[in-house]
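As a plain string of letters, each chain reads:
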Amino acid sequence: MVTESLIVEDFESYNAGQHLVQQAIAQGKDYWTTWNNSPPGSAEDPMVSSDHSVSGSKSVLIEGTNDVVLLLMILLQAPMQSSLTLIYHKDFMAILTSCKTLTGQVASGGECKLF
C-alpha cells in the first residue's frame, strides 16, 4: 500500500521552452539529470513543452540527442510503486529503462529492464 508520494512531477512548475534539468536544479530538485550527466542546459537536457500533455498544460519533449534520467534511488529506502505516461509519435519508438545503478551510459549492479 502506498502511503505517501515522494515525487509528483506534472511539469507545471517549469517554463515551457526551457531546459528541464536546468530548471529542476534551480528549484532544488536534484533528482533529474541527463543520461551522460551533461551540464544542465546542454544539448542533452530536454525541453519542457506546452505542445502536448496528459494532465495540466506541460510535458517534457525528448528528441534528437537529449535524454533525461529520474534518479529515484536518492529518494528510496523501500520498495516503490510508480506511474508514468508516455506520449510518442507513431513513427518513432520510446524506450523506458529501469536500472539499479547508472554511471554514464553503463547500467550495473542489478537488472536493467527495457519496456
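Anything mentioned here points back to the structure above.
Remember, it's a predicted structure, so these values are computed and weren't measured experimentally.

### Here we look at the pattern of salt bridges
Then, in step 1: On inspection of all chains with the given rule, the structure shows one salt bridge.
Then, in step 2: The closest approach of N and O atoms between Glu-9 and Lys-29, which form a salt bridge, is 3.6 Å. Here Glu-9, found in the segment before helix H1 (20-26), pairs with Lys-29, found in the loop between H1 and strand S1 (32-34); they are 20 residues apart in sequence, far enough to count as distant. Exposure class is identical for Glu-9 and Lys-29. Each is buried.

### Notes on unusual backbone geometry
Then, in step 1: Even without a glycine there, the phi angle at Phe-11 is positive, about 70°.
Then, in step 2: Within the fold, Phe-11 resides in the segment before H1.
Then, in step 3: A relative accessible area of 16% places Phe-11 in the buried class.
Then, in step 4: Its identity as a non-glycine residue notwithstanding, Asn-37 has a phi of 55°, on the positive side.

### Some details on the packing of aromatic side chains
Each aromatic ring pair is specified by the distance between its two centres and by the angle formed by the two planes.
Then, in step 1: Counted under the stated rule, the structure contains three aromatic pairs.
Then, in step 2: An angle of 40° between the planes, with centres 6.2 Å apart, marks the rings of Phe-11 and Tyr-14 as tilted.
Then, in step 3: For the ring pair Tyr-31 and Trp-32, a centre distance of 6.3 Å and an interplane angle of 50° mean the geometry is tilted.
Then, in step 4: For Trp-32, a relative accessible area of 10% translates into the label buried.
Then, in step 5: Taken together, the ring pairs connect Phe-11, Tyr-14, Tyr-31 and Trp-32 into an aromatic cluster.

### Concerning the environment of Ser-50
Then, in step 1: Note that Ser-50 resides in the loop between strand S2 (47-49) and strand S3 (59-61).
Then, in step 2: In sequence terms Ser-50 and Phe-11 are 39 residues apart; their C-alpha atoms lie 9.8 Å from each other.

### Thoughts on the nonpolar core
Then, in step 1: Formed by Phe-11, Tyr-14, Leu-20, Val-21, Ala-24, Tyr-31, Trp-32, Val-48 and Val-68, the largest nonpolar core amounts to nine residues.
Then, in step 2: For Tyr-14, the residues in contact, after removing those within four places along its chain, are Glu-9, Leu-20, Gln-23, Ala-24, Gln-27, Lys-29, Trp-32, Val-48 and Lys-58.

### Considering the side chain of Asp-45
Then, in step 1: Residue placement: Asp-45 occurs in the loop between S1 and S2.
Then, in step 2: Buried and unpaired, Asp-45 has no salt bridge, with Lys-29 as the nearest side chain of opposite charge at 13 Å.
Then, in step 3: A polar side-chain atom of Asp-45 sits 2.8 Å from the main-chain amide nitrogen of Val-21.
Then, in step 4: With residues near it in sequence (within four places) discarded, Asp-45 still touches His-19, Leu-20, Val-21, Gln-22, Thr-34, Pro-40 and Asn-66.

What counts, and at which threshold
Residues numbered from 1 in each chain as written. Predicted model: local features only at pLDDT ≥ 70, side-chain atom pairs only at ≥ 80, totals over all residues. Heavy atoms only, no water. Salt bridge = Lys/Arg side-chain N within 4 Å of Asp/Glu carboxyl O. Helix = DSSP H or I, 4+ residues; strand = E, 2+ residues; numbered from the N terminus. Buried < 20%, exposed > 50% of the residue type's maximum accessible area, 1.4 Å probe, protein only. Phe/Tyr/Trp six-rings, centres within 6.5 Å; stacked < 30°, edge-to-face > 60°. Core = buried A, V, L, I, M, F, W, Y, C linked by side-chain atoms within 4.5 Å. Contact = heavy atoms within 4.5 Å. Lys, Arg positive; Asp, Glu negative; His and termini not counted. Polar contact = N/O pair within 3.5 Å; in protein donor to acceptor, adjacent residues only side chain to side chain.

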